Amino acid sequence: MSYKLGEVILSRDTIARRVKEIAAEITKDYSDKDGVVIIGILTGAAFFLTDLVRELSEDLDVRVDFMSVASYGEATQSSGVVRIFYDMKSSIEGKHVIVVEDIIDSGLTLSHLLSLLQQRKPASLKICVLLDKYERRKTEVKVDYCGFRIPDKFVVGYGLDCAGKWRHLKDIKYVIEE
Ligand code: PRP
């Protein structure tokens, strides 16, 4: 099967406007907190995260870190396992953590990751996703900040890939399968 780019689902301007709105919400919610840590889950979320944090207030006490993980999902014998390829550098004990993802789909990755991060005793733990493919959810996950709810269609761009391709697109586009 081959793939080609389809129509724009979310333009760069639409994304930028929503990113500013989410940043304003986070700034408001965390303005009285010390020790906020924003953790991006590589690779896709790096694009959203770097735009998001630059829209936060300069007064916010915030740090940025990254993790790279893969969820084994429900297909494995040992469910609830997240394999860590790269762990964050700092401790999150007593910190106010916001996990940033590009997309939530089945919810398994975030669900497993949250259980793992809770064991590290953060003061609070919230989730921020750019895209929510809510129709595909297999496990309940509370999403605290959401950019856009989108239909169950293959999309790429702004960090999202198709076998590693098209992450660099400024707009988010549909993929057409041929
Ligand atoms: C994507 C996304 C989440 C996961 C969501 O990662 O960034 O980590 O899939 O799916 P789920 O809700 O069904 O668990 P991907 O494996 O594509 O990695 P990438 O960011 O490196 O492209």
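This one's a predicted model, so the numbers in the text were calculated from it and none came from an experiment.

A. Looking closely at the pattern of salt bridges. For the coordinates displayed, the defined rule picks out 12 salt bridges. A salt bridge links Lys-4 to Glu-178, with the nearest nitrogen and oxygen atoms 3.5 Å apart. With a gap of 174 residues between them, Lys-4 in strand 1 (residues 3–10) and Glu-178 in the segment after strand 9 (172–177) connect regions that are remote in the sequence. Between Arg-167 and Asp-161 there is a salt bridge whose closest N-O contact spans 3.5 Å.

B. Focus on the site of the ligand. Residues in close proximity to the ligand total 14 residues, the closest being Glu-101, Asp-102, Ser-106, Gly-107 and Thr-109. Asp-102 has a polar side-chain atom sitting 2.5 Å from an oxygen atom of the ligand. Arg-167 is positioned with one of its side-chain polar atoms (N or O) 3.0 Å from an oxygen atom of the ligand. Here the ligand loses 70% of its free accessible area of 500 Å² to cover by the protein chains. Of all the elements in the fold, those that place two or more residues in the shell around the ligand are strand 5 (96–104) and helix 3 (108–118).

Procedures and definitions
- Residues numbered from 1 in each chain as written.
- Predicted model: local features only at pLDDT ≥ 70, side-chain atom pairs only at ≥ 80, totals over all residues.
- Heavy atoms only, no water.
- Salt bridge = Lys/Arg side-chain N within 4 Å of Asp/Glu carboxyl O.
- Helix = DSSP H or I, 4+ residues; strand = E, 2+ residues; numbered from the N terminus.
- Near = heavy atom within 4 Å.
- Polar contact = N/O pair within 3.5 Å; in protein donor to acceptor, adjacent residues only side chain to side chain.
- Areas by Shrake-Rupley, 256 points an atom, 1.4 Å probe, with all protein chains shown as cover.

Worth remembering: the numbers are spatial, not functional.
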